[in-house]
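# Notes for the structure review
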Amino acid sequence: MMETIRFGSRDSKLAVIQAELVLKTIDAPCKLITMKTTGDLILDRTLEQIGGKGLFVKELDRALAAGEVDFTVHSLKDMPMEQPEGLPIVAYSRREDPRDALVLAQGLSELDLSRPIGCASARRRVQLKRLFPDAVIEPVRGNIQTRLRKLDEGQYGALVLACAGLERLGLTDRIARRFTTDEILPAAGQGIVAVQSRAGQALDCLSRFADADARDCARAERSFIRTLDGGCTAPVAAYAEVSGDTVHLRGMYVSEDETVLRFGERTGARADAERLGRELAEQLERGE
């Protein structure tokens, strides 16, 4: 009898939907095990105040290392740039829409700047200030449904959320505007679902899920962020696209005091995706 493959996930609605996307591609018995993470439980402070997005994976990493699950499933953009020893990312999904979305309260069609725009990242905040210099930008925590409730109750004039998450939840109708990647450069890995495992684990079961294009984009983007030491709370961004054997990477560098903002781009061979990310980061950091 074939052994059941155990997948671990956060217990939010979006996380479960993303995990089920993986399970649907597996030709073997599977079981989904969900759990709350520290990041899900502490909602009264920003991520910068509680230690960054690593708090969304800590419990899953522990379960994976302990052998309680065989694989874990994450939104790639929520994963720290450095993986724990022996727990590599082993597969990447085909990328969904990587862009950010402007979401308005139900019944509204125009952005109301008399109330703050809510967003959950420094990356979005810095770029929103360029687009809407008169807007007040405030942090918003909680899962997507919680954030939408706060918006519809009038606590915010708008939210900025990832298009991919809204689409996976069947909430495409809440998208009032899709920002171009020139207007708001996405987070590294945005729109990609990642599978993590223990080193040495057999990976044949993931062959129908794994996408090589997303993998190479992710390698370039995450290398860029890692080189800038831009953990999950820093206002940096990277977005790559592949074509044939080449990868084109765009990146955003922001100084620590947020007074210097630089954008740059670089194209190279897909096989050199990580080096490409590193070199672009070093170039922008030097101000070239």
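Details of the structure are given in the entry above.
In this report, we go over the structure that sits alongside the text. (Residues numbered from 1 in each chain as written. Predicted model: local features only at pLDDT ≥ 70, side-chain atom pairs only at ≥ 80, totals over all residues. Heavy atoms only, no water.)

## Here we look at the sheet that holds strand β2 (residues 30–35)
An order of β2-β1-β3-β10-β4 is seen for the 5 strands of this open sheet, with the pairing classed as mixed. Strands with a single pairing partner mark the edges of an open sheet, and in this sheet they are β2 and β4 (89–92). Shown here is a sheet whose adjacent strand axes are inclined to one another by a mean of 30°, direction ignored. Pairing analysis gives 6 bridges linking strand β1 (residues 5–10) to β2, with the strands arranged parallel. (Pairing = 2+ DSSP bridges. Helix = DSSP H or I, 4+ residues; strand = E, 2+ residues; numbered from the N terminus. Axes fitted to C-alpha atoms, helices over the stretch in contact; angles between N-to-C directions.)

## A few points about the environment of Ala220
Among the structural elements, Ala220 can be located in helix α8 (residues 212–227). Taking relative accessible area as the criterion, Ala220 reaches 0% and is therefore assigned buried. Along the chain, Ala220 and Glu183 lie 37 residues apart, while their C-alpha atoms are 21 Å from each other. In contact with Ala220, other than residues within four places in its own chain, are Ala240, Val247, Leu249, Ala273 and Gly277. (Buried < 20%, exposed > 50% of the residue type's maximum accessible area, 1.4 Å probe, protein only. Contact = heavy atoms within 4.5 Å.)

## A closer look at the packing of α8 against helix α9 (residues 273–286)
Between two packed helices, the angle of one axis relative to the other and the distance separating the axes together describe the packing. In the contact formed by α8 and α9, the axes pass within 7 Å of each other and the chain directions differ by 35°. As for how α8 packs across α9, the hand of that crossing is right-handed. Side by side, α8 and α9 meet where Asp216, Arg219, Ala220, Ser223, Phe224 and Thr227 of the first sit next to Ala273, Glu274, Gly277, Arg278, Leu280, Ala281, Glu282 and Leu284 of the second. Residues belonging to the contact of α8 with α9 are distributed by class as follows: 6 nonpolar, 3 polar and 5 charged. (Left-handed = near helix turned anticlockwise from the far one by under 90°. Nonpolar A, V, L, I, M, F, W, Y, C, P; charged D, E, K, R; others polar.)

## A word on the environment of Ala135
By the element assignment, Ala135 lies in the loop between α5 (122–131) and β7 (137–139). A sequence separation of 22 residues divides Ala135 from Leu113, and the C-alpha atoms of the two residues are 5.7 Å apart. Discounting residues that sit within four places of it in the chain, Ala135 has contacts with Leu113, Ile117 and Lys129.

## Section: the nonpolar core
Ala220, Phe224, Ile225, Leu228, Ala240 and Leu249 are the most contacted members of the largest nonpolar core, which has 18 residues in total. The greatest single-element share of this core, amounting to 5 residues, is contributed by α9. Look past the residues within four positions of Leu228 in its chain and what remains in contact with it is Val236, Met252, Tyr253, Ala281 and Glu285. Counting 15 residues, the second largest nonpolar core, distinct from the first, contains Leu14, Ala101, Val140 and Leu148. (Core = buried A, V, L, I, M, F, W, Y, C linked by side-chain atoms within 4.5 Å.)

## Regarding the state of the cysteines
Across all of its chains, the model carries 0 disulfides by this definition. Between Cys217, a free cysteine, and Cys163, which holds the nearest cysteine sulfur, the sulfur-to-sulfur gap is 17 Å. (Disulfide = S-S within 2.5 Å.)

## Here's the deal with helix α4 (residues 58–65)
Of the positions making up α4, those classed as buried are Leu60, Asp61, Ala63 and Leu64. For α4, the angular spread of buried residues about the axis comes to 165°, placing them on one side. Buried positions along α4 lie against β1, β2, β3 (71–75) and β10 (193–197). At the exit of α4 stands Gly67, carrying a positive phi of roughly 80°. (Arc of directions from axis to C-beta.)

## Thoughts on the pairing of strand β12 (residues 246–254)
The element β12 is extensively covered by neighbouring structure, given that 7 of its 9 residues are classed as buried. Here 7 bridges tie strand β11 (residues 237–243) to β12, and the two strands are oriented antiparallel to one another. Following the sheet pairing, Ala237 is matched in β12 by Met252. Hairpin connection from β11 to β12: 2 residues lie between these consecutive antiparallel strands, with Gly244 at a positive phi of about 60°. Taken together, the 9 bridges between β12 and strand β13 (residues 261–269) define a ladder with antiparallel strand orientation. Considered in β13, the bridge of Val254 is made with Leu261.

## Let's talk about the packing of aromatic side chains
Given two aromatic rings, one states the distance between the centres and the angle between the planes to describe the pair. Considering all chains together, one arrives at 2 aromatic pairs under this definition. With centroids separated by 5.2 Å and ring planes inclined at 20°, the aromatic side chains of Phe7 and Phe71 adopt a geometry described as stacked. With a gap of 64 residues between them, Phe7 in strand β1 and Phe71 in strand β3 connect regions that are remote in the sequence. With respect to class, Phe7 is no different from Phe71; both count as buried. Seen in terms of ring centroids, Phe132 and Phe179 are 6.4 Å apart; in terms of plane orientation they differ by 70°. Their pairing is edge-to-face. Here the residue Phe132 occupies a position in the loop between α5 and β7, and Phe179 occupies one in the loop between β9 (175–178) and β10, the gap between them amounting to 47 residues. There is no split in this pair, since Phe132 and Phe179 are both buried. (Phe/Tyr/Trp six-rings, centres within 6.5 Å; stacked < 30°, edge-to-face > 60°.)

## So, the side chain of Arg147
If you trace the backbone, Arg147 turns up in helix α6 (residues 144–152). For the buried residue Arg147, which engages in no salt bridge, the nearest side chain bearing the opposite charge is Asp78, 7.6 Å off. Within polar-contact distance, the side chain of Arg147 engages the backbone oxygen of Gly142 at 2.7 Å. Those residues within four positions of Arg147 in sequence are excluded, and the remaining contacts are Ala120, Val140, Arg141, Gly142, Leu159 and Leu161. (Lys, Arg positive; Asp, Glu negative; His and termini not counted. Salt bridge = Lys/Arg side-chain N within 4 Å of Asp/Glu carboxyl O. Polar contact = N/O pair within 3.5 Å; in protein donor to acceptor, adjacent residues only side chain to side chain.)

Interpretation in functional terms is not warranted from these geometric data alone.
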